Amino acid sequence: MTGVARRDLTLAGIATGWPVAGPETVHVDLVNACNAACITCWDHSPLLDAPRLPEWKRRRASAAGVARLLDDLEALGGLTSVIFSGMGEPFVHPEIDAVLADAKGRGLHVTVITNLLLADPARVVALGVDQLLIGIHGASRASYEAFHPGWTNGEWDRLLGALRLFRDAGRRFKHVHVICETNAHELAGMVELASEMRAGGVTFKRASLSGGTERCGLSGESRARLLAEGVPRARETAERLGVTTNLDVLARQLAVPGDETAPIAEIGCFMGYAYARVTVDGEVLFCCDPAIRVGRLEEGRGFAALWRGDAWQALRDRLRGGAYLPGCARCGKLNQNVALGSAFERVYGREALLSATGRG
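Numbers given for residues are sequential positions, taken from 1 along each chain in its written order. Totals for whole chains, interfaces and linings use all residues, but because this is a predicted model, local features are given only for residues with pLDDT of at least 70 and pairs of side-chain atoms are given and counted only at 80 or more. Each side-chain value is derived from all of the structure's non-hydrogen atoms; neither hydrogens nor water enter the calculation.

This part takes up the packing of aromatic side chains. Aromatic ring pairs: the centre-centre distance and the angle between the two ring planes describe each pair. Two rings from Phe, Tyr or Trp (for Trp, the six-membered ring) form a pair when their centres are within 6.5 Å of each other. A pair whose planes differ by under 30 degrees is stacked, one over 60 is edge-to-face, and the rest are tilted. Enumeration according to the criterion identifies seven aromatic pairs in this entry. Each ring, one from Y144 and one from W156, has its centre 5.0 Å from the other, and the planes form 50 degrees; the classification is tilted. With Y144 in helix α6 (residues 141-147) and W156 in helix α7 (residues 155-168), this pair connects stretches of sequence that are 12 residues apart. Relative accessible area decides the class of each residue, using a 1.4 Å probe on protein chains only: under 20% of the type maximum gives buried, over 50% gives exposed, and in between gives partly exposed. Looking at Y144, the relative accessible area reads 0%, which means it is buried. W156 gets classed as buried once you look at its relative accessible area, which sits at 7%. In this structure an aromatic cluster arises from ring pairing among Y144, W151 and W156. Across from the ring centre of W18, 5.9 Å away, lies the NZ or CZ of R316, which sits over that ring. The rule for a charge over a ring is simple: NZ of Lys or CZ of Arg within 6 Å of the ring centre, and within 35 degrees of the ring normal. Sitting over the face of the ring of W307, R316 holds its NZ or CZ atom 4.7 Å from the ring centroid. Starting at the N terminus, helices and strands are each numbered in turn, a helix being any DSSP run of H or I of at least four residues and a strand any DSSP run of E of at least two.

When a carboxyl oxygen of Asp or Glu lies within 4 Å of a side-chain nitrogen of Lys or Arg, that pair is called a salt bridge. Inspection of every chain in the model, using the stated rule, returns 20 salt bridges. R123 serves as the salt-bridge partner of D97, at 3.1 Å between the closest nitrogen and oxygen. Of this pair, D97 sits in helix α4 (residues 96-105) while R123 sits in helix α5 (residues 121-127), and the two are 26 residues apart along the sequence. Judged by its relative accessible area of 30%, D97 is partly exposed. In this structure, E345 engages R350 in a salt bridge whose closest nitrogen and oxygen atoms are separated by 3.6 Å. Taking the relative accessible area as the measure of exposure, E345 reaches 29% and is therefore partly exposed. If you follow the salt bridges from partner to partner, you end up with D71, E74, D102 and R106 in one network.

Right, let's talk about the pairing of strand β6 (residues 202-206) for a bit. Of all the five residues making up β6, four are buried; the element is thus mostly covered by neighbouring parts of the structure. Where strand β5 (residues 174-179) and β6 come together, five bridges link them in parallel fashion. The residue of β6 that forms the bridge with I179 is R206. The parallel pair β5 and β6, bridged by helix α8 (residues 187-196), forms a crossover whose chirality is right-handed. Pairing between strands is defined by DSSP: at least two bridges between the two strands are required. A clockwise course of the path from the first strand over the helix to the second, judged with the strands pointing away from the viewer, identifies a crossover as right-handed.

Okay, here's the thing in structure tokens:
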């Protein structure tokens, strides 16, 4: 099944309100532990009012459990790609190589979300990993270390070394930057870094903050300055250097007032036809928001039963009617929803899009 043909099935599901195949993409959490303490992180930030307990941080998925999940998804039909991450750093997992090799052996497109410091670049290349989403969050040592408290022992230099290895191997992986007060002044520099390392593009995200991390959020003055100066300068730099970015999406996030980061009512949610996330504990999430749970994988009741079940469909119907959940105002799948909405409108038209997002 080609990517275009598979996307047509997703769009058909959006049109009817019922998925005609399983998800295109499943996002599998491998670990809760992390080697970093990013200041914006809901799970590991030193700014958290209520830090995660050590027992929670020790939990991880097993390679055998991930294989069973992929078996179930393949039987359901429609799966083309898998994203491996965690509430922490996936390369912490002791069986990461076996998990990646199994997914590649199934012919799936494999993406890993990582800060890169624990990865073996040569091994990543040898395994044929298709995409890395490399969380950098700075264009200089100063902003990188400010975003990662405690990383002052050569981590910036090790990161740059790994990026150069991928560049020299011809692997054009993507850079990711979560934007907050520590790094908001470096948008253009982030684009320049991507150009230097021949990255496959740059994804910018306005930081979605809670639980104490709000203290590093962008002020209203900072957002206004980014919209007036930072984003245009970064866009000009990207055009000049030929770097692909999502600066238009970032601009939409910055224009949303208060602590919200996503104008979801203007875009719509299509994740119920294309995507799912599974935590280390077997909790199945509707999207990347850990608060929006569909159910749990259990003996004799796998993923397919949940995907076709009443709870999942009730969420699809609710969001289709425009009745969004509190976490939707900080949508972590904004780029994907924008892309799916645009594709759906091209095929089915504006009126159908409005109807499928509660605006008809």
